[in-house]
Amino acid sequence: MAKKIDIIQSRFVPLPTENIDTDQIIPARFLKATTRDGFGKNLFRDWRYESDDEQKPKPDFVLNQSQYSGTILVAGKNFGCGSSREHAAWAITDYGFNVVVSSFFADIFRNNALNNGLLPVMVSDEFLSKLFHLNADATITVDLPNQTITIDETGDSSSFEINSYKKTCLLNGYDDIDFLLSLKDNIEQFEKVKI
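Read on for an overview of the structure. (Residues numbered from 1 in each chain as written. Predicted model: local features only at pLDDT ≥ 70, side-chain atom pairs only at ≥ 80, totals over all residues. Heavy atoms only, no water.)

A short note on the sheet that holds strand β1 (residues 7–15)
The pairing of strands in a sheet happens through backbone hydrogen bonds and is either parallel or antiparallel. What counts, and what does not: DSSP-based pairing: two strands are paired if at least 2 bridges between them are found. Secondary structure elements are taken from DSSP: a helix is a run of H or I of four residues or more, a strand is a run of E of two residues or more, and numbering for both begins at the N terminus. For every element, the axis is a line fit to its C-alpha atoms; helices are fit only across the contacting stretch, and the angle between N-to-C directions ranges from 0 to 180 degrees.
The mixed open sheet is built from seven strands, whose spatial order is β4-β3-β2-β1-β5-β6-β7. Across the chains shown, the open sheet's two edge strands, defined by having one partner strand only, are β4 (119–122) and β7 (157–159). Adjacent strand axes in the sheet meet at a mean angle of 30°, parallel and antiparallel pairs treated alike. Bridge count for strand β6 (residues 148–151) against β7 is three bridges, and the pairing is antiparallel. Considered in β7, the bridge of isoleucine 149 is made with serine 158.

Here's the deal with the nonpolar core
Threshold: Remark: nonpolar core denotes a set of buried residues (Ala, Val, Leu, Ile, Met, Phe, Trp, Tyr, Cys) joined through side-chain atoms within 4.5 Å. With a 1.4 Å probe rolled over the protein chains alone, any residue whose accessible area is under 20% of its type maximum counts as buried; one over 50% counts as exposed, and the rest are partly exposed. Any two residues having at least one pair of non-hydrogen atoms within 4.5 Å are treated as being in contact.
Counting residues in each nonpolar core, the largest one holds 28 residues, and the members touching the most others are Ile25, Phe44, Phe79, Ile92 and Phe109. Taken together, the elements giving at least two residues each to this core come down to β1, β2 (72–75), α3 (86–95) and α4 (107–115). Excluding its chain neighbours within four sequence positions, the residues that come into contact with isoleucine 92 are Ile25, Leu43, Phe79, Phe97, Val100, Phe109 and Leu118. Among the nonpolar cores identified, the runner-up in size contains 24 residues, and Phe12, Leu131, Ile140 and Ile151 belong to it.

Things to note about helix α6 (residues 164–172)
The criterion, for reference: Picture the helix axis, draw a direction to every C-beta atom, and the arc is the one those directions span. In the analysis that follows, any N or O atom pair within 3.5 Å is treated as a polar contact, provided that within protein one partner can donate a hydrogen and the other can accept it, and provided that, for residues neighboring in sequence, both atoms belong to side chains.
Residues Lys166, Lys167, Cys169 and Leu170 constitute the buried set of α6. One face of α6 carries all of its buried residues, which in axial projection span an arc of 160°. In this structure asparagine 163 caps α6, since a side-chain oxygen of it lies 2.8 Å from the backbone nitrogen of tyrosine 165. Just downstream of α6 lies glycine 173, where phi reads positive at about 70°.

Some details on the packing of aromatic side chains
Applied cut-off: For Phe, Tyr and Trp, rings pair up if their centres lie within 6.5 Å, where Trp contributes its six-membered ring, and each pair is then called stacked (planes under 30 degrees apart), edge-to-face (over 60) or tilted (otherwise).
As enumerated under the stated definition, the model contains eight aromatic pairs in all. A centroid spacing of 5.6 Å and a plane angle of 5° characterise the contact between phenylalanine 44 and tryptophan 47, whose relative ring orientation is stacked. By relative accessible area, tryptophan 47 is classed as partly exposed at 24%. Members of the aromatic cluster, connected to one another through ring pairs, are Phe44, Trp47 and Phe61.

Notes on α3
In an α-helix, one turn spans 3.6 residues, which is why side chains three or four residues apart end up on the same side. Along α3, the positions that sit buried rather than exposed are His87, Ala88, Ala89, Trp90, Ala91 and Ile92. Positive backbone phi, approximately 125°, marks glycine 96, located one or two places after α3.

Overview of the pairing of β2
In regular strands, side chains alternate between the two faces of the sheet. The criterion, for reference: With its strands directed away from the observer, a crossover is right-handed exactly when the path from the first strand over the helix to the second travels clockwise.
Burial along β2 is two-sided: Ile72 and Val74 facing one way and Leu73 and Ala75 facing the other are all buried. One ladder, built from three bridges, connects β2 with strand β3 (residues 99–102); its direction is parallel. Bridge assignment links valine 74 to a residue of β3, and that residue is valine 101. Assessed by its sense of winding, the connection that carries the chain from β2 through α3 to β3 is right-handed.

And the structure:
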């Protein structure tokens, strides 16, 4: 079972770059592993470090700046474009993010995120701009049951859409198999009635 997502109140990490593709999220040279663990250390690897040296972080990159933290990543428009790779969602969650907020997600990334316990929250360009203009210590609340995202300091709020099935899965920490197993008693009861 994956981690359950319900109401998340957190500071956030702003990454206002647009058109962030999956190769920038997790470079292809790190896709050799077959388990989900350990991808977080290579999240945005080429942006975080000088060449391939973990000992030389780039000080101007947001993940290397101590004033930014939290379990919510706020990214520029068209996040997750490029080639399909579940590893992008794995890297984001392994780093510690539960939510990614953007004004547009590539469809394949959005589906991979939802299938791997990462909540993609799509907001308007205007609301995204408000988030990028907040102070580093500001918090936002993502309320999955009510499908809202709120700037705690001002109360500004926006709703977001999510497939009802995927919402159920995220609220309960289910993957597709866990969801089917949760219906086991109902399926068995149906089979008894059918016979």
